[in-house]
Amino acid sequence: MPDHEDLFERADRAAEAAHALLRATRLRERWEERGAEVHLVGSLATGLLLNHLDIDLHLYTPTLDSTDGFAIAAELAPHRLEFRDLSDTPERCLEWHLWIRDATGREWQVDVIQMPPDSPYKGYFEHRAERIRAVLTPESRRAILAIKDAALPDAHVPGILIYMAVLRDGIRTPTDFRSWLRGHPLDGILEWCP
């Protein structure tokens, strides 16, 4: 298993690369120029980004109109784009999933969740990211990164399950996490916060 310095250095490099991609694409600024309130959430916001190259942005717009999102996607010309209109579900959002190559050719998944200002989830994921960062210790961060590092590339496990296993239930190894995971399937949005 990699030592904690190696895992920490790799996570820091992944975060630097993610921020470089955000700067290069001006994704945050493109949405802000159209009146959106933009927030970084997920593994990049918590300092727990490692092998799964993804960036999660939540944004709040006055209306749930897909026009701006499609215009931004056209400007970025992503390698791939998936759009889901969930405006008539309890989540009340539009989901934009863009796959964008960085300057080195690596493919990143950028998930942009567009919500109205009165969304029932407004601020929830931002608060959860802040709480995760606040309770992380070097030991728990190392355990989370080690579990992420041991995950099979094609078996995507949502990071929130790993965070809950480590921070709430004291799981520390990839083997123990695999056992823990069998008893904790994820169905929908996990509303857990440390």
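Residues numbered from 1 in each chain as written. Predicted model: local features only at pLDDT ≥ 70, side-chain atom pairs only at ≥ 80, totals over all residues. Heavy atoms only, no water.

The name given to the chain in an unreviewed UniProt entry is Nucleotidyltransferase domain-containing protein, with the source organism recorded as Candidatus Spyradenecus faecavium.

Right, let's talk about the overall build of the chain for a bit. Helix and strand counts for the chain stand at 8 helices and 5 strands. Each helix and strand of the chain, placed in order from N terminus to C terminus, yields the pattern α-α-β-α-β-α-β-β-β-α-α-α-α. By the compact-globule yardstick of 16 Å for 194 residues, the chain fits well, its C-alpha radius of gyration being 17 Å. Along the longest, intermediate and shortest principal axes, the C-alpha atoms of the chain span 45 × 40 × 30 Å. Among the 194 residues that make up the chain, the fraction classed as buried is 45%. Restricting to contacts in the chain with at least 6 residues of sequence separation, those with at least 24 account for 62%. Accessible area for the chain stands at about 9,900 Å²; split by element, carbon and sulfur atoms hold 51% of it. The centroid of the 23 positive side-chain charges in the chain is displaced by 3 Å from the centroid of its 33 negative side-chain charges. (Helix = DSSP H or I, 4+ residues; strand = E, 2+ residues; numbered from the N terminus. Rg over C-alpha atoms; globule rule 2.2 N^0.38 Å. Buried < 20%, exposed > 50% of the residue type's maximum accessible area, 1.4 Å probe, protein only. Contact = heavy atoms within 4.5 Å. Areas by Shrake-Rupley, 256 points an atom, 1.4 Å probe, with all protein chains shown as cover. Lys, Arg positive; Asp, Glu negative; His and termini not counted. Charge placed at Lys NZ, Arg CZ, Asp CG, Glu CD.)

Turning our eyes to something else, we now look at the pairing of strand E3 (residues 80–86). In this structure, E3 lies alongside strand E4 (residues 93–101), joined through 7 bridges in antiparallel fashion. When the bridges of E4 are listed, Arg-80 appears paired with Trp-99. Once E3 ends, the chain turns through 6 residues before running back antiparallel as E4, passing Arg-92 with a positive phi of about 45 degrees. (Pairing = 2+ DSSP bridges.)

As recorded in UniProt, the feature "domain: Polymerase nucleotidyl transferase" (unreviewed entry) lies at residues 26–64. This span, residues 26–64, is 31% helix and 31% strand, and a straight line between its end C-alpha atoms measures 21 Å. (UniProt positions renumbered as here; feature names shortened; annotations may be inferred.)

Attention now moves to the sheet that holds E3. Overall, mixed pairing links the 5 strands, which are arranged E1-E2-E5-E4-E3 in an open sheet. Edge positions in the open sheet fall to strand E1 (37–41) and E3, since each of these has one partner strand only. Each strand of the sheet is rotated relative to its neighbour by a mean of 20 degrees, with strand direction disregarded. The pairing of strand E2 (residues 54–60) with strand E5 (residues 107–115) spans 7 bridges and is parallel. Residue pairing in the sheet places Leu-59 in a bridge with Gln-114 of E5. Against the sheet, helix H4 (residues 67–76) engages E3 and E4, with an angle of about 0 degrees to E4. (Axes fitted to C-alpha atoms, helices over the stretch in contact; angles between N-to-C directions.)

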